[in-house]
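# A look at the structure
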Amino acid sequence: MSFASLGLSDELVRAVTERGYTEPTPIQAQAIPVILKGGDLMGGAQTGTGKTAGFTLPLLQRLMAKPVAGKAHIRALVLTPTRELAAQVEESVRLYGKHLPLKSMMMFGGVNINPQIKQLHGRVDILVATPGRLLDHLQQKTVDLSHVEILVLDEADRMLDMGFIRDIKRVLAVLPKQRQNLLFSATFSDEIKLLADGLLNSPALIEVARRNQTAELIEQRVYPVDRERKRALLTQLIKDNNWFQVLVFTRTKHGANNLADHLNKEDIPAMAIHGNKSQAARTRALAEFKTAKLQVLVATDIAARGIDISELPHVVNYELPNVPEDYVHRIGRTGRAGSEGEASSLVCIDEKKLLHDIERLIKREITVVQVPGFEPDPRIKAEPILNGQNRGGGQRQGQGRGQPRSGGGQPRTGGGPRTGGGKPAGGASRGGVPSSAQHRSGGRGR
Ligand code: AMP
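Predicted, not measured: the structure shown is a model, and the values here were computed from it.

## Concerning the packing of aromatic side chains
Within this structure, the stated rule accounts for one aromatic pair. Ring centres 5.3 Å apart and planes at 40° place the aromatic pair phenylalanine 55 and phenylalanine 184 in the tilted group. One end of the pair, phenylalanine 55, is in helix 3 (residues 51-65); the other, phenylalanine 184, is in strand 6 (residues 180-185), and 129 residues separate them in sequence.

Structural data, given as structure tokens:
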């Protein structure tokens, strides 16, 4: 199958050919004809499937099919959860639209609003924005969305995860009722279905297999280790195996910062990226990582999502994600497009349930590799909730590494890690070593 046979115009086919793509990906093959016809679409596809070109190409063609005389207006709006994704999508719009006279603009927060206001005074046909900053512009009346013909919600599930639902609804409220709606999401939760129900008009439903669901090319490994020894194990794995371009996932921003600091102290160049970092810092980290100047990038799920870094040799789950699907997203960064990759998960005892859920989702057991010297202390038991004092901690697993929440009253606190080679003394607190309260917290991270 060719791009031309999907009904795309010469200018667009030329642009994709120049980009080096010869054949549409499955999502492109299915979505392009539907969008060209003008229908609504619900697309189940994650980053890495080629979804961006899947909606950008037909979107451009639809706009070209009906050129508007007179003053130009924003005719297509793409909403994305993150700045990185907004930047990437807008770059794609420019790339695929290079032979067309359409103008695009990206808009996100964390940067000065004035240049954006200035740009909005000029011609903008396609606006790619994150919801928060777009709302700022709407409130300041510096953007006019009353001529939008096509709306795209990209990574809608992430936008909901990030709490953008109200912002999205406010944006929807100012759009013309008559328009084409495209919604892309990697997962179809009830919340997404609800959003889709209210938004889409008899949509075509297209779902492409998660590219790495089967993950034949990904060598997946689980390394059992006590929580407090994860840093040491990761350092050893990176050094002993000479791993470069390692993407490490942590659950929290705080955890990402701590780990990056630690690796730097160990002479492993590392940077953390997450939502609290400035745009400039994120861009720099990503650029250095891509050019392999930076050995390790430590990221939270949200920060990593939507970033176009793929075919990485190593992805490490420093902590397992609470949501098993996120595991698939994470490891999907490696072993793409025929190249092999390794996905390593450092798993401590209270992550066993999470591991079990992941294995159930991917329908396979992950190979367990025990690194000598890092055997988990058998005295540490992952016990379910022991008393009310632990309640509510599940989400915060890993957040306070090294700064234990007071685990007072824990019956089994002897199971500290073997930091410094010392035998756990069995006391509730031993020199800043987290009590087993922390260990147990993850087990409830449902
Ligand atoms: P996306 O899922 O849109 O983030 O795209 C994932 C990656 O696939 C990007 O690096 C694209 O440049 C690339 N890509 C998109 N379409 C194709 C295609 N038809 N053939 C090969 N690579 C593609």
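## Observations concerning the packing of helix 6 (residues 131-139) against helix 8 (residues 165-173)
Interaxial distance between helix 6 and helix 8 falls to 9 Å at its minimum, and their mutual angle equals 45°. Viewed along their axes, helix 6 and helix 8 adopt a mutual orientation that is oblique. In the packing of helix 6 onto helix 8, the handedness of the crossing is left-handed. Contacts between helix 6 and helix 8 involve Pro131, Gly132, Leu134, Leu135, Leu138 and Gln139 from the first element and Asp167, Ile168, Arg170 and Val171 from the second. For the contact of helix 6 with helix 8, the residue count by class is six nonpolar, two polar and two charged.

## Focus: the sheet that holds strand 3 (residues 104-107)
As summarised here, the arrangement of the seven strands in space is 3-4-2-5-6-1-7, forming an open sheet in which the pairing is parallel. Of all strands in the sheet, those bounded by a partner on one side alone are strand 3 and strand 7 (204-207). Averaged over all adjacent pairs, the angle separating strand axes in this sheet is 15°, with direction ignored. Across four bridges, strand 2 (residues 76-79) lies against strand 4 (residues 126-129) in parallel orientation.

## Overview of the packing of helix 2 (residues 26-37) against helix 3
Between helix 2 and helix 3, the shortest axis-to-axis distance is 8 Å and the interhelical angle comes to 25°. Relative to helix 3, the element helix 2 lies roughly parallel. Remark: the crossing between helix 2 and helix 3 carries right-handed chirality. Facing Ile27, Gln28, Ala31, Ile32, Ile35, Leu36 and Lys37 of helix 2, the residues of helix 3 in contact are Lys51, Ala53, Gly54, Phe55, Leu57, Pro58, Leu59, Gln61 and Arg62. A breakdown of the residues in the contact of helix 2 with helix 3 according to their chemical character gives 10 nonpolar, three polar and three charged.

## Quick look at the confidence of the model for the protein chain
With 81% of its residues at a pLDDT of at least 70, the protein chain reaches an overall mean of 81. Low pLDDT, under 50, characterises residues 383-446; the predicted model gives this stretch 124 contacts beyond four residues in sequence or across chains.

## Let's talk about helix 3
Between the first and last C-alpha of helix 3 there are 22 Å, a value that for 15 residues agrees with the 21 Å anticipated at 1.5 Å per step. Counting buried positions along helix 3 gives 12 out of 15 residues, so the element sits mostly inside the fold. Where helix 3 is concerned, the buried positions are Lys51, Thr52, Ala53, Gly54, Phe55, Thr56, Leu57, Pro58, Leu59, Leu60, Gln61 and Leu63.

Rules behind the numbers
Just so you know, the residues in each chain are numbered from 1, in the order the chain's sequence is written. Where local features are concerned, this predicted model is filtered to residues with pLDDT of at least 70; where side-chain atom pairs are given and counted, the filter is 80 or more; whole-chain, interface and lining totals use all residues. The basis for every side-chain value is the complete set of heavy atoms in the structure, and neither hydrogens nor water enter the calculation. Here the aromatic set is Phe, Tyr and Trp, taking the six-membered ring for Trp, and pairing holds for ring centres within 6.5 Å; pairs whose planes are under 30 degrees apart are stacked, those over 60 apart are edge-to-face, and all others are tilted. Each helix corresponds to a stretch of at least 4 residues labelled H or I by DSSP, and each strand to a stretch of at least 2 residues labelled E; elements are numbered beginning at the N terminus. Axis lines are fitted to C-alpha atoms, over the contacting stretch for helices. Their N-to-C directions set the angle, which ranges from 0 to 180 degrees. Any angle from 65 to 115 degrees is called roughly perpendicular, while one under 35 is roughly parallel, one over 145 is roughly antiparallel, and all others are oblique. Whether a crossing is left-handed or right-handed is set by the direction in which the near helix is turned from the far one by less than a right angle, anticlockwise for left-handed and clockwise for right-handed. Every residue pair with non-hydrogen atoms within 4.5 Å of one another is taken to be in contact. Each residue is assigned to one class: nonpolar for Ala, Val, Leu, Ile, Met, Phe, Trp, Tyr, Cys and Pro, charged for Asp, Glu, Lys and Arg, and polar for all the others, Gly among them. Strand pairing is defined by DSSP finding a minimum of two bridges between the two strands. pLDDT expresses, on a scale from 0 to 100, how confident the predictor is about each individual residue. Multiplying 1.5 Å by the helix residue count minus one yields the expected span of that helix. Here the term buried applies to any residue with accessible area under 20% of the maximum for its type, exposed to any over 50%, and partly exposed to those in between, with areas from a 1.4 Å probe on protein chains only.

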